[in-house]
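# Structure assessment
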Amino acid sequence: MVYYKRVRDIREDSDMTQAQVADLLFVNRRTYSCYEIGTRMMPPYILSKFADLFNTSVDYLMGRTDVKKPYPKSKNPTVSPKTIDVTGLTDEQIQHIKYFISDLKKL
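Please read all numbers here as calculations on a predicted model, not as lab measurements. Sequence order as written defines the numbering, with residues in each chain counted from 1. With the structure being a predicted model, the display of local features is reserved for residues of pLDDT at least 70 and the display and counting of side-chain atom pairs for 80 or more, all residues being used for whole-chain, interface and lining totals. To get the side-chain values, take all heavy atoms of the structure and skip hydrogens and water.

Helix and strand assignments come from DSSP, with helices taken as H or I runs of at least 4 residues and strands as E runs of at least 2, each series counted from the N terminus. A count of helices and strands for the chain gives 6 helices and 0 strands. Counting helices and strands in the order they occur from the N terminus, the chain gives α-α-α-α-α-α. Counting over 107 residues, the chain shows a buried share of 25%. Partitioning the contacts of the chain with sequence separation of at least 6, the portion at a separation of at least 24 is 43%. All accessibility values rest on the Shrake-Rupley procedure with a 1.4 Å probe; residue burial counts only the protein chains present in the view. When the accessible surface of the chain is split by element, carbon and sulfur atoms take 55% of a total near 8300 Å². We call a residue buried when its accessible area falls under 20% of the maximum for its residue type, exposed when it is over 50%, and partly exposed in between, using a 1.4 Å probe and counting protein chains only. Any pair of residues with heavy atoms lying within 4.5 Å of one another is described as a contacting pair.

Moving on to the packing of helix α2 (residues 18-25) against helix α3 (residues 29-37). Axis geometry follows a simple rule: fit a line to the C-alpha atoms, using only the stretch in contact for helices, then measure angles between N-to-C directions, giving values from 0 to 180 degrees. Closest axis-to-axis distance for the α2/α3 pair is 9 Å, and the angle between their directions is 105 degrees. The angle between α2 and α3 places the two elements in the roughly perpendicular class. Of the residues in α3, those touching α2 at Q18, A19, V21, A22 and L25 are R29, Y32, S33 and E36. These descriptions rest on fixed angle ranges, namely under 35 degrees for roughly parallel, over 145 for roughly antiparallel, 65 to 115 for roughly perpendicular, and the rest for oblique.

This brings us to the nonpolar core. Think of a nonpolar core as a cluster: buried Ala, Val, Leu, Ile, Met, Phe, Trp, Tyr and Cys residues, connected wherever their side-chain atoms sit within 4.5 Å. Counting 17 residues, the largest nonpolar core has V7, L25, V27, Y32, M42, F50 and L61 as its most contacted members. Contributions of two or more residues to this core are made by α1 (5-13), α2, α3, α4 (44-53) and α5 (58-61). With 4 residues, α4 is the largest single contributor of residues to this core. Ignoring any residue separated from it by four or fewer positions in sequence, one finds F50 in contact with V7, I10, V21, L25, Y32, M42 and L61.

Another aspect to go through is the pattern of salt bridges. Between Lys or Arg on one side and Asp or Glu on the other, a salt bridge is scored when a side-chain nitrogen of the former is within 4 Å of a carboxyl oxygen of the latter. Applying the stated criterion to the full structure yields 7 salt bridges. Ionic pairing is found between K5 and D9, a salt bridge with its closest N-O pair at 2.7 Å. In this pair, K5 and D9 are both assigned in helix α1, 4 residues apart and thus about one turn of the helix distant. Between D66 and R6 there is a salt bridge, with its nearest N and O atoms 2.6 Å apart. On the criterion of sequence distance, the pair formed by D66 in the loop between α5 and α6 (91-106) and R6 in helix α1 is long-range, its members being 60 residues apart. Taken together, the shared-partner salt bridges in this structure form one network comprising K5, R8, D9, R11, E12 and E36.

Bringing a nonpolar patch on the surface into the picture now. Patch definition: residues above 30% relative accessible area lacking any salt bridge, with like charges linked at up to 9 Å and the nonpolar side chains Val, Leu, Ile, Met, Phe, Trp and Tyr linked at up to 5 Å. Together, F100, L104 and L107 line one region of the surface with nonpolar side chains, adding up to about 380 Å² of accessible area. Positionally, L107 belongs in the segment after α6.

Here we come to the side chain of T56. Take T56: it is sitting in the loop between α4 and α5. Looking at T56, its side chain comes within polar contact range of the main-chain oxygen of K68, at 2.5 Å. Look past the residues within four positions of T56 in its chain and what remains in contact with it is I10, A51, L61, K68 and P70. Counted as a polar contact is a pair of N or O atoms within 3.5 Å, where, for protein atoms, one must be capable of donating a hydrogen and the other of accepting one, and residues adjacent in sequence contribute only when both atoms are in side chains.

Here it is in structure tokens:
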């Protein structure tokens with residue numbers, strides 16, 4: 001059984017009812033009530049939506065940290081640090097980069 005005390009506390013601090021939060025999360029009020037009292041576990045996507053709704057982190061809601069502030073968003077979450085942006089380069093320039101990388105790997 002998981003008890004989401006901070007979930008209830010944040011909702012109450014925001015002067016919102018369970019029904020209001022349930023509507024914002026697109027879940028039944030009874031289901032949401034079960035989340036708060038711990039008879040049902042919140043699915044990760046609901047917990048994440050709740051954290052976004054109240055500008056906090058999932059770790060805070062679960063009691064893993066006492067820092068209420070959410071984590072900073074990645075500036076470009078879809079680009080790996082190992083990705084090279086070749087936008088605007090010609091095919092010939094891109095081919096030169098590929099050769100250069102290949103030569104570096106041989107060193």
